[in-house]
Amino acid sequence: MAKQPLSFEKPLIELRAKIDELKKLTTTEALDFSEEIAQLEQRFSVLEKNIYTNLKPWDRVQVARMADRPTTLEYVEFIFDDFIELHGDRQFGDDAAIVSGIATLNDVPVTIIGHQRGRDTKENVRRNFGMPHPEGYRKALRLMKQAEKFNRPIVCFIDTKGAYPGSQAEMRGQSEAIARNLVEMAGLTVPVISIVIGEGGSGGALALGVANRLHMLTNSTFSVISPEGAASILWRDGSKAQQAAEAMRITAPDLKDMHIIDEIIPEVLGGAQKDPKQQATFVKETLEKSLTELLALSKEELIEDRYKKYREIGIFTQ
């Protein structure tokens, strides 16, 4: 099924259609439109750059939700070596909405934990559309404590609409599982680096987000609630999601200004989905920089560094 174009992409789609039409005529009709094609290609490049460097908050929300954005497992494939996935929380079962395991980054052993969405309907159902159950968060915590035991840095990839809100998840202790992750992550004695690669929604994202360094891709979002949910509460009208997205300040530039995140990782022009391998290179560069900084700190300094980070979040006026 063809991807539904986003509203701000329509000028690009129309221009690309004209270019393709001229190329087809050049091939089939033995006509030479090479000069016109070159001009349109140049125009396309300028237009694409202008559009993607001036996206509005709602546009970024739409890009963050694209089904073809790179997932945790894709970043793992491109960035790390020797990945071994580990399963289960040792209490209830395994949750496919969170993947976890051990790997190496430039020969440094690390623990990897991340939300995982599917590429098609069947896989999305299996992974619950990237919305974890309590056992997913307990699996994540099990791996975090294991990493602490063996002195391995932890890398988290955040990409979820939020924790699964169903009754079965609540019966198995969803709120407690998330809260325990927040408490335990705050006191971990190993470096923790979290990266928002898509949607960072609600407590489902926070449960992997208490880190020494929190980074975001340019077109990712990080919020306590979805724009639709906020609009339903504030204006009793979910159709005002675009207005809510602007008011909530949930995009990477806004969160950097408020000192909530540490660094914005640039995206490939057009979004991370345009070139996942190149995007992984950008992510790896930021990971390497953060890891070098944090490995120089003692256990006590790592906890103090994390404490100071969260004490300094936000801008206050009197």
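Residues numbered from 1 in each chain as written. Predicted model: local features only at pLDDT ≥ 70, side-chain atom pairs only at ≥ 80, totals over all residues. Heavy atoms only, no water.

The protein chain carries the name Acetyl-coenzyme A carboxylase carboxyl transferase subunit alpha in an unreviewed UniProt entry, which gives Candidatus Kurthia intestinigallinarum as its organism. Its UniProt record gives the protein chain the following Sequence similarities (unreviewed entry) comment, quoted word for word: "Belongs to the AccA family." Taken verbatim from the UniProt record of the protein chain, the Subunit (unreviewed entry) comment is "Acetyl-CoA carboxylase is a heterohexamer composed of biotin carboxyl carrier protein (AccB), biotin carboxylase (AccC) and two subunits each of ACCase subunit alpha (AccA) and ACCase subunit beta (AccD)." (UniProt positions renumbered as here; feature names shortened; annotations may be inferred.)

Asker: Sorry, what's going on with the side chain of Thr-160 here?
Answerer: With respect to the helices, strands and loops of the structure, Thr-160 is situated in strand S4 (residues 154-160). Taking the relative accessible area as the measure of exposure, Thr-160 reaches 0% and is therefore buried. Those residues within four positions of Thr-160 in sequence are excluded, and the remaining contacts are His-115, Arg-117, Gly-130, Met-131, Pro-132, Glu-199, Gly-200, Gly-201, Gly-204 and Ala-205. (Helix = DSSP H or I, 4+ residues; strand = E, 2+ residues; numbered from the N terminus. Buried < 20%, exposed > 50% of the residue type's maximum accessible area, 1.4 Å probe, protein only. Contact = heavy atoms within 4.5 Å.)

Asker: Help me understand the pattern of salt bridges, please; the structure alone is not making it clear to me.
Answerer: Any two side chains of opposite charge can pair if their charged atoms end up close together. Here the structure, examined in full by the defined rule, presents 22 salt bridges. Arg-16 serves as the salt-bridge partner of Glu-41, at 3.2 Å between the closest nitrogen and oxygen. Here the residue Glu-41 occupies a position in helix H2 (residues 34-52), and Arg-16 occupies one in helix H1 (residues 10-28), the gap between them amounting to 25 residues. Among the ionic pairs, Glu-41 bridges to Lys-23, the shortest N-O distance being 3.2 Å. Pair noted here: Glu-41 is in helix H2 and Lys-23 is in helix H1, with a separation of 18 residues, a long-range link. On the accessibility criterion, Glu-41 (22% relative accessible area) is partly exposed. (Salt bridge = Lys/Arg side-chain N within 4 Å of Asp/Glu carboxyl O.)

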